[in-house]
Amino acid sequence: QKDMRAEVEERGHWGSKVEFLLAVAGNVVGLGNVWRFPYLCYKNGGGKHMRLTSRLCLSATVNVKSGPTGIGYAGQLIILYSITTYIIILSWALLYLVFSFSSQLPWASCNNYWNTDDCVDFSIKNASVPWTNQTNSTSAATEFWERRVLAISGGIEEIGSIRWEVMLCAIAMWITCYFCIWKGVKSTGKVVYFTATFPYVMLLILLIRGLTLPGALQGVKFYLLPEPSRLTDPQVWMEAGSQIFFSYSVGVGCLTVLGSYNKYNNNCYKDCLWLCLLNSGTSIVAGFAVFSVLGFMAHEQGVPIAEVAESGPGLAFIAYPQAVAMMPLPQLWSICFFVMVILLGLDTQFVSMEAVMTSVIDMFPDVMRRTGRREMFLLFFCLICFFCQLVMITEGGMYVFQMMDYYACNGGCILFLCVFETLALGWIFGAERLYGIIKDMTGVNASPFFKICWLYFTPLVSLGSFIYSLVEYQPLTFNRWYVYPDWVYVLGWLLALSSVLLVPGCALYKLITGTGTLRQVGQLCT
């Protein structure tokens with residue numbers, strides 16, 4: 001028995017405090033900071049929305065992840081869905097990066113085999129025919145995205161063949177993620193020195209370039225221009241809250257997994273505050289970088305910036321590449337942009353993978369903490385995820401991707417989990433008890449405001465946002481014209497409920513089987 005115990009490897013810990021902070025920064029600072037936050041600021045009142053999200057970020061610092069019960073299983077399932085879909089974005093970005101080394105950017109002209117007669121090169125100014133009046137026209141960047149990269153089919157019923165170039169990029173990204181975490185925090189802690197810092201170099205370069213372009217001031221004004229009247233719109237509060245939950249990776253356990261490799265007396269209170277400032281600061285700076293370029297594109301085309309403002313994949317793979325094509329040295333700026341996109345998403349991806357790995361290994365330490373078993377299980381995990389996502393890199397894969405993103409990785413599911421997490425934390429585990437633990441760990445008293453958050457503010461905000469998301473639910477469509485078949489909506493809701501129902505399901509199972517009282521079940525959720 002002594003020899004068997006000696007074979008079990010130690011859990012491990014961060015090599016230094018810097019490694020932990022960089023890993024958390026890499027996880028919370030992701031694609032949403034670049035392609036979602038700036039657009040929401042523009043859409044919901046500019047500077048007012050920015051200040052609103054800054055206030056709401058306080059509630060994000062008080063979220064605590066559960067153990068391996070209903071809430072824990074639900075969080076892990078959402079992470080699993082996210083891992084499978086998120087890496088598709090990295091694969092698209094890698095393909096764009098490869099194309100960026102071409103002598104002429106393929107999305108910069110309409111002289112390619114995939115272009116149609118309706119293709120218009122918006123980088124060529126034509127004052128006599130404003131492009132906004134060409135109702136049937138599409139940009140060269142749009143046609144490259146839809147007809148060359150995606151080769152998109154007519155609907156989800158037409159899955160079509162696999163896009164082999166995208167599949168090869170996906171394989172490259174899975175291999176990269178595998179070797180980033182295959183030795184646990186020992187390898188992750190070294191990788192984040194590059195993946196968490198180099199995007200800031202690229203962001204700084206793009207910021208300087210963007211602010212020196214003609215029309216940049218117009219874009220910045222649209223980004224920051226306050227609109228106080230929007231504060232009375234519940235949708236603004238809903239989108240601000242959702243942005244905070246997504247941006248700070250709360251509710252699903254990634255941050256707690258990273259923190260679990262720290263020493264007991266690590267000052268988590270101070271870490272949370274600094275990382276909140278870093279995350280919000282990055283979002284604000286990214287907004288300047290993005291909207292200065294969109295302002296340039298609007299200036300060059302002679303249209304309002306509202307015509308070119310995009311969010312999500314529309315920004316990363318259509319609007320920004322189109323703007324880059326109008327600049328001098330377009331290949332250089334395209335390479336900088338897509339390197340930044342890949343690195344921003346990469347550490348978010350492999351840290352999420354590490355969260356799943358750590359959870360599984362901690363559940364079965366005697367089996368999993370043995371030489372070579374982590375590496376083999378990680379390989380098996382990557383292969384399973386890769387084969388599950390193959391349907392999303394087919395000609396009809398974009399429809400599947402949007403369904404997974406809209407339902408399985410839905411913010412409403414995370415909000416639902418956060419309601420139960422904060423109730424268990426504040427009322428069952430006890431706000432006073434948690435307050436004392438933080439003092440014991442850090443040596444200082446946390447702000448009394450956090451007690452209010454744990455007991456009232458965070459549960460009510462989470463519950464209100466969740467209810468509002470249900471009330472304002474709109475069935476998923478693609479490009480505002482394609483309506484999914486009814487069976488897709490049924491499948492989508494089943495995916496959403498697969499995580500949500502784990503919370504009451506596990507609690508009910510424990511009560512029915514007599515393995516726990518109501519209070520014991522609640523305590524297991526903290």
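Basis of the calculations
- Residues numbered from 1 in each chain as written.
- Predicted model: local features only at pLDDT ≥ 70, side-chain atom pairs only at ≥ 80, totals over all residues.
- Heavy atoms only, no water.
- Helix = DSSP H or I, 4+ residues; strand = E, 2+ residues; numbered from the N terminus.
- Buried < 20%, exposed > 50% of the residue type's maximum accessible area, 1.4 Å probe, protein only.
- Contact = heavy atoms within 4.5 Å.
- UniProt positions renumbered as here; feature names shortened; annotations may be inferred.
- Core = buried A, V, L, I, M, F, W, Y, C linked by side-chain atoms within 4.5 Å.
- Salt bridge = Lys/Arg side-chain N within 4 Å of Asp/Glu carboxyl O.

A. Representation of the overall build of the protein chain within the structure. For the protein chain, the count of helices and strands is 24 helices and four strands. Considering the protein chain as a whole, with its 526 residues, one finds that 55% of them fall into the buried category. Taking all contacts inside the protein chain whose residues are at least 6 apart in sequence as the whole, residues at least 24 apart take part in 82%.

B. Focus on the UniProt feature "binding site: Na(+)" (unreviewed entry) in the protein chain. Mapped onto this structure's residue numbering, the UniProt feature "binding site: Na(+)" (unreviewed entry) falls at Gly26, Val29, Asn33, Ser247, Asn279, Leu344 and Asp347. Of the residues just listed, which span 322 residues, no C-alpha pair is farther apart than 14.4 Å, and they cluster in one region. Residue position: valine 29 is located in the loop between helix H2 (17–28) and helix H3 (31–35). Owing to a relative accessible area of 3%, valine 29 belongs among the buried residues under this scheme. With residues up to four places along the chain from it excluded, the contact list for valine 29 reads Tyr200, Asn279, Thr282, Leu344, Asp347 and Thr348. Here aspartate 347 shows up in helix H16 (residues 330–363). Residue class for aspartate 347 comes out buried when judged on its relative accessible area of 2%. Contacts of aspartate 347, omitting those with residues within four sequence positions, involve Gly26, Val29, Thr195 and Ala196.

C. Spotlight on unusual backbone geometry. Although it is not a glycine, alanine 151 sits at a positive phi angle of roughly 45°. Mapped onto the fold, alanine 151 is located in the loop between helix H7 (140–149) and helix H8 (164–181). Residue classification places alanine 151 among the buried positions, given a relative accessible area of 18%. Positive phi, close to 50°, is recorded for leucine 329, a residue that is not glycine. Classification of leucine 329 by relative accessible area gives exposed; the value is 58%.

D. Broad picture of the nonpolar core. Membership of the largest hydrophobic core comes to 147 residues, with the highest contact counts inside it found for Trp92, Trp107, Trp145, Leu294, Phe317, Met353 and Tyr484. With 19 residues, the single largest contributor to this core is helix H6 (residues 70–99). Excluding residues that lie within four positions of it along the chain, tyrosine 484 makes contacts with Ile156, Met398, Tyr399, Gln402, Met403, Leu476, Thr477, Phe478 and Tyr489. Residues Phe429, Ala431, Tyr435 and Ala446 belong to the second largest nonpolar core, which totals 10 residues.

E. Looking closely at the pattern of salt bridges. As enumerated under the stated definition, the model contains seven salt bridges in all. Ionic pairing is found between glutamate 354 and arginine 374, a salt bridge with its closest N-O pair at 2.5 Å. Of the two residues, glutamate 354 is situated in helix H16 and arginine 374 in helix H18 (residues 373–389); the sequence distance between them amounts to 20 residues. Assigned by exposure class, glutamate 354 and arginine 374 land together as buried.

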